[in-house]
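Each chain, letter by letter, is given below.
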Amino acid sequence: MQEFYPLIKHIHVGAVLASGGFFLLRGLWMMQESSLLTTKFARVVPHVIDTVLLLAAIALIVFLGGVPAWVQVKIAALFVYIFLGVLAFRLAKGYGARVLAFFLALSVFAFMMSVAITKSPWGFLGKFL
Ligand code: HEM
């Protein structure tokens, strides 16, 4: 089974890039107040990508046989990212608040990427400590 680890990791990273790319695209549509944002495609695709991302993540955890500190931080940050995304695309009232939530979400995404790449709970913040 262990031989599947690299494949699942590739699926995870591929889904991460697709998820981030689509988030960025939706943010651009939001800022342009484009009707594309409300299409069925724009609403369904992120759920499909994020399901693949999470299933692959769970499989990696099972393979690793534990949840290291850097992955725990990534999971916590994921909740913050999801919350900010809901604010940006649904709940926030007013253009300014939506744009602010979107850029905060992007920052959290960049942080999660840096945590994954450095495998340190501090991610890029470690550079400033
Ligand atoms: C529940 C959520 C998540 C869990 C449990 C999880 C878990 C993991 C695990 C176990 C690895 C494999 C580490 C290795 O063997 O090298 C990994 C890799 C990675 N994850 Fe996640 N992940 C999650 C979400 C995310 C998110 C939201 C992002 C991006 C924003 C992300 C980005 C990455 C990247 C870029 C790698 C590859 C790192 C490298 O080796 O350079 N993950 N993740």
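Q: What exactly am I supposed to notice about a nonpolar patch on the surface here?
A: Residues Met1, Phe4, Leu7, Ile11, Val44, Val48 and Val52 make up a contiguous nonpolar surface patch of about 640 Å² in total accessible area. Of all the elements in the fold, those that place two or more residues in the nonpolar patch are α1 (5-31) and α2 (40-64). With three residues, α2 is the single largest residue contributor to the nonpolar patch. Position of Phe4 among the secondary structure elements: in the segment before α1. Judged by its relative accessible area of 40%, Phe4 is partly exposed.

Q: Help me understand the packing of helix α3 (residues 69-91) against helix α4 (residues 95-118), please; the structure alone is not making it clear to me.
A: In contact at an axis separation of 8 Å, α3 and α4 are set at 160 degrees when each is read in the N-to-C sense. When the interaxial angle is binned, α3 and α4 end up roughly antiparallel. At the point where α3 passes α4, the crossing takes the left-handed sense. Of the residues belonging to the contact of α3 with α4, the class tally is 20 nonpolar, one polar and three charged.

Q: Teacher, can you tell me more about the site of the ligand here?
A: The environment of the ligand is made up of 21 residues, and the closest members are Tyr5, Lys9, His12, Lys74 and Lys119. Take His12: an N or O atom from its side chain is 2.9 Å from a nitrogen atom of the ligand. Contact distances for the ligand include 3.0 Å between an oxygen atom and a side-chain N or O atom of Lys119. Taken together, the elements giving at least two residues each to the shell around the ligand come down to α1, α2, α3 and α4. The dominant element in the shell around the ligand, judged by the number of residues it contributes, is α2, at six residues. Counted by class, the shell around the ligand contains 17 nonpolar, one polar and three charged residues.

Q: Looking at this model, I keep getting lost on the coordination of the iron atom of the ligand. Mind explaining?
A: Six octahedral donors around a metal ideally subtend angles of 90 or 180 degrees, whereas four tetrahedral donors ideally subtend 109.5 degrees. Taken together, the protein donors to the iron atom of the ligand comprise His12 (NE2) and Lys74 (NZ), at separations of 1.8 to 2.1 Å. Around the iron atom of the ligand sit six donor atoms; with metal-centred angles ranging over 86 to 176 degrees, the donor geometry is octahedral. With His12 in helix α1 and Lys74 in helix α3, this pair connects stretches of sequence that are 62 residues apart.

Q: Would you mind showing me how to read the environment of Val16 here?
A: Checked against the element boundaries, Val16 lands in helix α1. Between the C-alpha atoms of Val16 and Pro46, which are 30 residues apart in sequence, the distance is 11 Å. With residues near it in sequence (within four places) discarded, Val16 still touches Leu53, Phe109 and Met113.

Q: Please explain α2 as it appears in this structure.
A: Given 3.6 residues per helical turn, the α-helix brings residues three or four places apart onto the same face. Between its first and last C-alpha, α2 extends 37 Å over 25 residues, near the 36 Å set by a 1.5 Å rise per residue. Among all positions of α2, only Ala42, Pro46, Ile49, Leu53, Ala56, Ala57, Leu60 and Phe63 are buried. Elements that come into contact with the buried residues of α2 comprise α1. Count one or two residues on from α2 and you reach Gly65, which has phi positive near 75 degrees.

Criteria and cut-off values
Residues numbered from 1 in each chain as written. Predicted model: local features only at pLDDT ≥ 70, side-chain atom pairs only at ≥ 80, totals over all residues. Heavy atoms only, no water. Patch = residues over 30% accessible without salt bridge, like charges linked within 9 Å, V, L, I, M, F, W, Y side chains within 5 Å. Areas by Shrake-Rupley, 256 points an atom, 1.4 Å probe, with all protein chains shown as cover. Salt bridge = Lys/Arg side-chain N within 4 Å of Asp/Glu carboxyl O. Helix = DSSP H or I, 4+ residues; strand = E, 2+ residues; numbered from the N terminus. Buried < 20%, exposed > 50% of the residue type's maximum accessible area, 1.4 Å probe, protein only. Axes fitted to C-alpha atoms, helices over the stretch in contact; angles between N-to-C directions. Parallel < 35°, antiparallel > 145°, perpendicular 65-115°, else oblique. Left-handed = near helix turned anticlockwise from the far one by under 90°. Nonpolar A, V, L, I, M, F, W, Y, C, P; charged D, E, K, R; others polar. Near = heavy atom within 4 Å. Polar contact = N/O pair within 3.5 Å; in protein donor to acceptor, adjacent residues only side chain to side chain. Donors = N, O, S within 2.8 Å, 3.2 Å for Na, K, Ca; no water. Tetrahedral: all angles 85-135°; square planar, octahedral: opposite > 155°, others 65-115°. Contact = heavy atoms within 4.5 Å. Expected span 1.5 Å × (residues − 1).

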